[in-house]
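Secondary and tertiary structure notes
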There are 2 protein chains.
Amino acid sequence: MDYRFSKPFASMPQGGGGDVLKMTADPATIPFAAGNPSAETFPLKELRAIADELFQREDAPALFQYGQTEGYDPLRDFLRQRMAQKHGTGRPEDELMITGGGQQAIDLFTRMMIDPGDVILAEDPTFMGALKTFAFDGARVVGVPMEPDGMDLNALEDQLRQQKNVKFIYVITTFQNPTGYTTSMEKRREIYALAQRYDVMILEDNPYFELRYSGEYVPPLKSLDEDGRVFFAGSLSKILSPGVRMGYAQANRQLIERMAQSRMASDIHCNLFFQAVAAEYFNRFDLDAHIAACCQLYRSKRDLMLEELAAHMPDGVAFSRPDGGLFIWLALPQGSNSDQLAALAAQNGVAVVPGSAFVPGGCRENPGVRLNYSTPTEEQIRRGVAILAQCTRQVMGK
Amino acid sequence: MDYRFSKPFASMPQGGGGDVLKMTADPATIPFAAGNPSAETFPLKELRAIADELFQREDAPALFQYGQTEGYDPLRDFLRQRMAQKHGTGRPEDELMITGGGQQAIDLFTRMMIDPGDVILAEDPTFMGALKTFAFDGARVVGVPMEPDGMDLNALEDQLRQQKNVKFIYVITTFQNPTGYTTSMEKRREIYALAQRYDVMILEDNPYFELRYSGEYVPPLKSLDEDGRVFFAGSLSKILSPGVRMGYAQANRQLIERMAQSRMASDIHCNLFFQAVAAEYFNRFDLDAHIAACCQLYRSKRDLMLEELAAHMPDGVAFSRPDGGLFIWLALPQGSNSDQLAALAAQNGVAVVPGSAFVPGGCRENPGVRLNYSTPTEEQIRRGVAILAQCTRQVMGK
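A quick note: this is a predicted structure, and the numbers were derived from the prediction, not measured.

Definitions and limits used
- Residues numbered from 1 in each chain as written.
- Chains lettered and ligands numbered in written order.
- Predicted model: local features only at pLDDT ≥ 70, side-chain atom pairs only at ≥ 80, totals over all residues.
- Heavy atoms only, no water.
- Least-squares fit on C-alpha atoms with pLDDT ≥ 70 in both.
- Contact = heavy atoms within 4.5 Å.
- pLDDT = per-residue confidence, 0-100.
- Phe/Tyr/Trp six-rings, centres within 6.5 Å; stacked < 30°, edge-to-face > 60°.
- Lys NZ or Arg CZ within 6 Å of the ring centre and 35° of its normal.
- Salt bridge = Lys/Arg side-chain N within 4 Å of Asp/Glu carboxyl O.
- Helix = DSSP H or I, 4+ residues; strand = E, 2+ residues; numbered from the N terminus.
- Buried < 20%, exposed > 50% of the residue type's maximum accessible area, 1.4 Å probe, protein only.
- Buried area = accessible area lost by both parts, 1.4 Å probe.
- Polar contact = N/O pair within 3.5 Å; in protein donor to acceptor, adjacent residues only side chain to side chain.
- Disulfide = S-S within 2.5 Å.
- Pairing = 2+ DSSP bridges.
- Axes fitted to C-alpha atoms, helices over the stretch in contact; angles between N-to-C directions.
- Parallel < 35°, antiparallel > 145°, perpendicular 65-115°, else oblique.
- Nonpolar A, V, L, I, M, F, W, Y, C, P; charged D, E, K, R; others polar.

1. As for the relation of the copies chain B and chain A
Overlaying chain B with chain A gives an RMSD of 0.0 Å, the required rotation being 180° about an axis along which the chain moves by 0.0 Å. The symmetry that links the two subunits is that of a two-fold axis. When you check the interface residues of chain B against chain A, 99% turn up at the interface there too, and the contact is symmetric in its surfaces.

The structure is reproduced here in structure tokens:
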């Protein structure tokens, strides 16, 4: 039969994320495309011991029954405390909920807020997974140019003034995907003030902020939140494991309670046993020490990739110097075709994501590509950057 | 700030499912309200041994990395084969995907299909979780009276003729929630023929069909599907564990591929390690033997509840005699108030779900309550039915 899909779904961009994951799954390909953390950071020995213990606990059957939609309380307690003590987020009127990765927090929030045609203002370029979510919910996404210290605030205010039905501003405040840029504290304050002035919400997506290995700490935008305007989406993918599919949302209690209701209409909750495993892991082991070990690994990989880029890339090509996270943004000169570069690199065994995937509203050529350094080995970084530099020369006609 | 929710979300019914789970979580309450399988059926010893083994396998880190959105292949293979061999579903053009419970299969399908205002024809009464999902997606749900052998077909055809923009017919074909009724093979054929004639799809929600402990086997409606019209939502909650949050969808490949794309915009995939644990469990142990043991347990609980209902309920009260699944429907005489009965029972320590929760379109009084017999102990069944009978007399003024 001919399927009649919903309007937003029918017009949702196909490809993108899933294809990137599939491409990266080919072991022969040098994986600069994915957003995967390094598998050597997964604390499998510790998780194994805890899982085995939990299976034998008297309340083990309860961990295989239906659980609370808001999440397993000991895990929520740990994250609530950590966010309060280390990052200054969470006021008495806030609540925290466990979600299926940070992505599901974005999805549930967007579904609560967006009617078809409503506007989201987003950094340009921005995370393609969020663009998919926004499209699925029928939002119209308007881009605001991203600068090395955050959104162009004049452009943001112009859009707030011009656009009707703006529901929220979407920002990835720290080590942004795809650019690696971090929004400065000053700009965080100004974005918050603008959101107040125009009475819109802020969706702060912050999956990488724990992975800082240089530069000065910047607290989450959520820590400025006085009136329940900021919805914070966090992730355990980069500090524990992405395969466990766990993240968290922190927001005004009213929003979280309603979000839990909405999740009863979706997947109900995350794997309960693994929420308990994660809670035990965090309570028994020193998460800061684990993160420090991750950072040490990623720092050396980032440094290596930056060195190799500096050594091999032709003149006219710039790249970001992120203080953390997983991504470097390779900016080609205006007029260069990054889709062409990504295709050529793929033919030569290097997977990268072209800038066009990150453009709100789609289509616009963005002359850059996103590079991930956490997944490849050091040898792959060396070989991959050399190949990529050759391909870049070819695309630039040098 | 004042939150401006999306229109469907703002008008979505609050309460219901989540509250039922919370109410049932109080150990002092006799739990006739939930849809939980019995915790003693969870094969924890086997899962523990498998988990421990998988943690030590060479490819263990890959089970903590991002995985395939469609699900872990060995688990998909197992379910695909089982469905083909035992239940006659899955044609060459069909595909199977792992989902976050059967509920997420319903949700992802509905989001793909429904624009605000589109119509879903559903059994009346029907599963309140699905009603929440449909409301969240802005669907208009029109009820078709449920009879002991399935939908009233004249009423179904009337609605197909009258309603505009019907996207699909929603049926829980076997041991329906909340009635316990099973749609006959003849009615399955006629529902399929009507769907063809009016060119609409069918969402077959079938989370209990493996739990048959009396009566004659009826194949899924999906087994009749010749033109990719039936979307099948299955669940592992009742044959493995609900806390692992795993189900599956089987449908035309085109739908499953697009659904995977849409899931990239939501929670991406289920806990990957536990998909592997489930796959190993199913491949090593005899699932039919496990299901037979579950059925033996549930059969004796069902029989006990039916006996107690027959012994204690006043004249004028009827109840269904399901051949499997988890629920008995207690039908009060017309004019009785089942909300009042549920409230009174709750005050007396027995949780049941009133019929009004299951009514498409909400509001209409449905003079019945849903009873679950899988969760309570035998002693709770005896005590609970006696209390409920007293409350029923009181509400009926006897």
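2. Some points on the confidence of the model for chain A
Per-residue pLDDT for chain A has a mean of 94; in total, 96% of the residues score no lower than 70. The complex model carries a pTM of 0.95, and its ipTM stands at 0.94.

3. Some thoughts on the packing of aromatic side chains
In this structure the tally under the stated criterion is 41 aromatic pairs over all chains. Taken together, F55(A), F64(A), F273(A), F274(A), F55(B), F64(B), F273(B) and F274(B) form an aromatic cluster joined through their ring pairs. Positioned above the aromatic ring of F5(B), the side-chain terminus of R258(A) is 4.7 Å from the ring centre.

4. Focus: the pattern of salt bridges
This model, assessed by the stated rule, comprises 60 salt bridges over all chains. Here D199(A) makes a salt bridge to R229(A), at a shortest N to O gap of 3.0 Å. Here D199(A) is found in the loop between helix 8 (185-197) and strand 7 (201-205), whereas its partner R229(A) is found in the loop between strand 7 and strand 8 (230-235), with 30 residues between them in sequence. A residue is classified by how much of its surface remains accessible, and D199(A), at 34% relative accessible area, is partly exposed. Taking relative accessible area as the criterion, R229(A) reaches 5% and is therefore assigned buried. Linking R80(B) and E95(B) is a salt bridge whose minimum nitrogen-to-oxygen distance equals 3.0 Å. Here R80(B) is found in helix 4 (residues 73-87), whereas its partner E95(B) is found in strand 2 (residues 94-99), with 15 residues between them in sequence. Judged by relative accessible area, R80(B) falls into the partly exposed class, the value being 27%. On the basis of relative accessible area, E95(B) is assigned to the buried category, the value being 15%.

5. Description of the interface of chain B and chain A
Taken together, the contact between chain B and chain A spans 86 residues of the former and 85 residues of the latter. For the pair chain B and chain A, the summed buried area comes to about 7,700 Å², and 56% of that belongs to carbon and sulfur atoms. If you sort the residues of chain B by the area they bury against chain A, Y3(B), F64(B) and Y66(B) come out on top, with a joint share of 10%. Applying the counting rule to chain B against chain A returns eight salt bridges. At the surface where chain B touches chain A, the tally comes to 44 residue pairs in polar contact (both at pLDDT 80 or more).

6. Considering the state of the cysteines
Residues and elements named next belong to chain A. This model, assessed by the stated rule, comprises zero disulfides over all chains. A disulfide-free cysteine, C294 has its sulfur positioned 6.7 Å from the sulfur of C295, the nearest such atom. Relative accessible area serves as the criterion here: at 4%, C295 is assigned to the buried category.

7. Observations concerning the sheet that holds strand 7 (residues 201-205) of chain B
Residues and elements named next belong to chain B. Read from one edge to the other, the open sheet built from eight strands follows the order 2-9-8-7-6-3-4-5, with strand pairing classed as mixed. Pairing within the sheet leaves two strands with one partner each, and these edge strands are strand 2 and strand 5 (150-151). Here strand 3 (residues 119-124) runs beside strand 4 (residues 140-147); their pairing, made up of six bridges, is parallel. When the sheet's bridge partners are listed, D124 is paired in strand 4 with P145. Contacting strand 2, strand 3, strand 6 (166-171), strand 7, strand 8 (230-235) and strand 9 (247-252), helix 5 (residues 101-113) crosses the sheet at an angle of about 155° to strand 8. The sheet contacts of helix 7 (residues 153-162) involve strand 3, strand 4, strand 5 and strand 6, and relative to strand 4 the element is tilted by about 160°.

8. What to know about the side chain of R302(A)
Residues and elements named next belong to chain A. Take R302: it is sitting in helix 11 (residues 287-312). A distance of 2.8 Å separates a polar atom in the side chain of R302 from a polar atom in the side chain of S214. Setting aside its immediate chain neighbours within four residues, R302 contacts Y213, S214, P322, D323, I328 and Y373.

9. Comments concerning the packing of helix 3 (residues 44-56) of chain A against helix 3 (residues 44-56) of chain B
Running from amino to carboxyl end, helix 3 of chain A crosses helix 3 of chain B at an angle of 170°, the nearest separation of the two axes being 10 Å. It follows from the interaxial angle that helix 3 of chain A and helix 3 of chain B lie roughly antiparallel. Contacts between helix 3 of chain A and helix 3 of chain B involve L44(A), L47(A), R48(A), A51(A), D52(A), F55(A) and Q56(A) from the former and L44(B), L47(B), R48(B), A51(B), D52(B), F55(B) and Q56(B) from the latter. A breakdown of the residues in the contact of helix 3 of chain A with helix 3 of chain B according to their chemical character gives eight nonpolar, two polar and four charged.

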